[in-house]
Amino acid sequence: QVRLQESGPGLVKPSQTVSLTCDVSGDSITTGYRYWSWIRQPPGKGLEWIGYIDYNGDTYYSPALKSRTSFSRDTSKNRITLQLSSVTPEDTAVYYCASTTGIPTYYPSGLVCYAFRSDFQSWGQGTQVTVSS
């Protein structure tokens, strides 16, 4: 059974960098054809796809966020990390990690990419990030 657990600082000040982790159990982040996505949901809005890191460590980012986003992984801990820099209150959202067994589906609208829950096989419960001074 695949389990994903997100963790983060909760409250962060504008201009800072936020680091979130996703701990994976029941599967290996290096298993072939596994893709590990970060997705966020601002209050009252839909799911925004941030990007993915795949089983080889290759990454792909939403154009809207790529300049401020960095994914990394620790294979010994089966952990994926999201770093989002220069945060503003517009980054306030619940942040999720989610997995697929193929390249994930996302829907571009301008520079922003959206996601649907049913396109992903496993989800974490999410972690709240609030950006406030």
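The structure we're discussing is the one just above.
This section reports on the structure supplied with the text. Keep in mind it's a predicted model, so treat the numbers as computed, not measured.

**Considering a nonpolar patch on the surface**
- A contiguous nonpolar surface patch, about 310 Å² in accessible area, is contributed by Y107, Y114 and F116.
- Summarising the element assignment, Y107 is placed in strand β10 (residues 107–109).
- On the accessibility criterion, Y107 (36% relative accessible area) is partly exposed.

**Considering the packing of aromatic side chains**
- Going through the model one piece at a time under the given rule, you end up with 12 aromatic pairs.
- Three or more aromatic residues joined by ring pairs make a cluster, and in this case those are Y33, Y35, W49, Y52, Y55, Y60 and Y106.
- A cation over an aromatic ring shows up here: R117 above the ring of Y96, its NZ or CZ 5.5 Å from the ring centre.
- Over the ring of W123 we find R117, and its NZ or CZ is 4.2 Å from the ring centre.

Rules behind the numbers
- Residues numbered from 1 in each chain as written.
- Predicted model: local features only at pLDDT ≥ 70, side-chain atom pairs only at ≥ 80, totals over all residues.
- Heavy atoms only, no water.
- Patch = residues over 30% accessible without salt bridge, like charges linked within 9 Å, V, L, I, M, F, W, Y side chains within 5 Å.
- Areas by Shrake-Rupley, 256 points an atom, 1.4 Å probe, with all protein chains shown as cover.
- Salt bridge = Lys/Arg side-chain N within 4 Å of Asp/Glu carboxyl O.
- Helix = DSSP H or I, 4+ residues; strand = E, 2+ residues; numbered from the N terminus.
- Buried < 20%, exposed > 50% of the residue type's maximum accessible area, 1.4 Å probe, protein only.
- Phe/Tyr/Trp six-rings, centres within 6.5 Å; stacked < 30°, edge-to-face > 60°.
- Lys NZ or Arg CZ within 6 Å of the ring centre and 35° of its normal.

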